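Next come the chains, spelled out residue by residue.
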Amino acid sequence: MARPRLPQAKAEVSGAAVLHPGRFKDRKTAKRTRALGEPYVRMSAAQQECWREIADEMPWLNSSHRRLVRLACIISARLDDEDVGINQLQTLSAILSKLGATPVDETKVNHGDDEDEDPADAFFARSH
């Protein structure tokens, strides 16, 4: 099975579009996407807090991800209050993976230049 395509917005945030410009040169993106926006009105306070955390942690999400984010928030809010089963945990894991929020994906996302540079990087960095 082929790997799923990396969304253009995530490729730009992660630096993949710069590393492999040929892969993204002719890629078409949805023209009418909006920001993720505010949580749904009917969500509980705990679910809305989860929404805000997800929106802050994953800046590449947009309005097309709203339903998946809502499902992730519902399950995440239950983690604090209830005893959730393995099926719900697996569902949450699958949703987070689809949103690009797994630990493996985190290593691919460029979080900016907030970190101090390590002087050892000059000696141990691989040259391409």
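Keep in mind that this is a model prediction, so the values were computed, not measured.

## Regarding the nonpolar core
Reasoning step 1: Counting 16 residues, the largest nonpolar core has Trp51, Ile54, Met58, Leu61, Val69, Cys73 and Leu99 as the members making the most contacts within it.
Reasoning step 2: Breaking this core down by element, the ones donating at least two residues are helix H4 (45-57), helix H5 (66-81) and helix H6 (86-98).
Reasoning step 3: Sorting elements by how many residues they give to this core places H5 first, with five residues.
Reasoning step 4: Look past the residues within four positions of methionine 58 in its chain and what remains in contact with it is Leu99 and Ala101.

## Here's the deal with the packing of H4 against H5
Reasoning step 1: Between H4 and H5, the shortest axis-to-axis distance is 8 Å and the interhelical angle comes to 125°. In terms of axis orientation, H4 runs oblique to H5. In this structure, H4 crosses over H5, and the sense of that crossing is right-handed. Mapping the contact onto sequence places Ala46, Gln47, Cys50, Trp51 and Ile54 in H4 and Arg66, Val69, Arg70, Ala72, Cys73, Ile74, Ser76 and Ala77 in H5.
Reasoning step 2: Across the contact of H4 with H5, the residue classes tally to nine nonpolar, two polar and two charged.

## Observations concerning the environment of isoleucine 75
Reasoning step 1: For isoleucine 75, the position within the fold is in helix H5.
Reasoning step 2: Residue isoleucine 75 is classed as buried on the basis of its relative accessible area of 8%.
Reasoning step 3: On a C-alpha basis, the gap between isoleucine 75 and glutamine 88 in space is 6.8 Å, while along the polypeptide they are 13 residues apart.
Reasoning step 4: When sequence neighbours within four positions are dropped, the list of residues in contact with isoleucine 75 reads Gln88, Thr91, Leu92 and Ile95.

Conventions we followed
- Residues numbered from 1 in each chain as written.
- Predicted model: local features only at pLDDT ≥ 70, side-chain atom pairs only at ≥ 80, totals over all residues.
- Heavy atoms only, no water.
- Core = buried A, V, L, I, M, F, W, Y, C linked by side-chain atoms within 4.5 Å.
- Buried < 20%, exposed > 50% of the residue type's maximum accessible area, 1.4 Å probe, protein only.
- Helix = DSSP H or I, 4+ residues; strand = E, 2+ residues; numbered from the N terminus.
- Contact = heavy atoms within 4.5 Å.
- Axes fitted to C-alpha atoms, helices over the stretch in contact; angles between N-to-C directions.
- Parallel < 35°, antiparallel > 145°, perpendicular 65-115°, else oblique.
- Left-handed = near helix turned anticlockwise from the far one by under 90°.
- Nonpolar A, V, L, I, M, F, W, Y, C, P; charged D, E, K, R; others polar.

As far as function goes, none of this settles anything; it's purely spatial.
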